[in-house]
Amino acid sequence: MPSYQLRDTATRQVLARDLADYAAAEAALDRLDDELEHDLAANGEGASRIRLRLDVEKVTDGTSEAVGHHVLLLGVDDHTDPLPAL
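Residues numbered from 1 in each chain as written. Predicted model: local features only at pLDDT ≥ 70, side-chain atom pairs only at ≥ 80, totals over all residues. Heavy atoms only, no water.

K.L.:
What is the right way to read the pairing of strand E1 (residues 3–8) from this model?
P.N.:
Look at any regular strand and the pattern is simple: side chains alternate between the two faces of the sheet. Burial analysis of E1 places six of its six residues in the buried class, the great majority of the element. Alternating residues of E1 divide into Ser3, Gln5 and Arg7 and Tyr4, Leu6 and Asp8, and every residue in both groups is buried. Direction of pairing for E1 relative to strand E3 (residues 50–60): antiparallel, over a ladder of six bridges. From the neighbouring strand, Arg7 faces E3, where its bridge partner is Asp55. Pairing of E1 with strand E2 (residues 14–19), which is carried by three bridges, proceeds in the antiparallel orientation. By the bridge assignment, Tyr4 is partnered in E2 with Leu19. Where E1 folds back onto E2 in an antiparallel hairpin, the turn is made up of five residues, including Arg12, whose phi is positive at roughly 65°. (Buried < 20%, exposed > 50% of the residue type's maximum accessible area, 1.4 Å probe, protein only. Helix = DSSP H or I, 4+ residues; strand = E, 2+ residues; numbered from the N terminus. Pairing = 2+ DSSP bridges.)

Now the structure itself:
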């Protein structure tokens with residue numbers, strides 16, 4: 001039976017493993033995003049400071065294959081208007 005895991009593409013570190021299905025991987029991504037946003041806010045980090053690319057991998061018999069990826073842009077809730085005022 002396959003399982004799923006999340007891997008940071010920059011460091012190749014597995015951040016979550018033994019996830020039951022793709023939906024569980026999505027939920028783990030949401031939790032990770034919330035935790036990182038909270039940590040950034042607690043440390044006074046500004047908007048758009050961190051960009052992470054995470055692969056969702058399907059693991060079957062010890063072999064993993066990327067089946068999706070997500071880019072987390074942390075701190076983007078701080079809205080800035082890119083257009084100058086008229």
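K.L.:
Can you help me understand the sheet that holds E1 in this one?
P.N.:
Sheet strands line up and pair through hydrogen bonds in the backbone, either parallel or antiparallel. Strands sit in the order E2-E1-E3-E4 across an open sheet of four strands; the sheet is antiparallel. Sheet topology places E2 and strand E4 (63–74) at the edges, where each strand pairs with a single neighbour. Recorded for the sheet is a direction-independent mean angle of 20° between the axes of neighbouring strands. The pairing of E3 with E4 spans 11 bridges and is classified as antiparallel. Across the sheet, the residue bridging to Leu54 is His70, located in E4. Of the strands in this sheet, E1, E2, E3 and E4 touch helix H1 (residues 22–42), which is tilted by about 35° from E4. (Axes fitted to C-alpha atoms, helices over the stretch in contact; angles between N-to-C directions. Contact = heavy atoms within 4.5 Å.)

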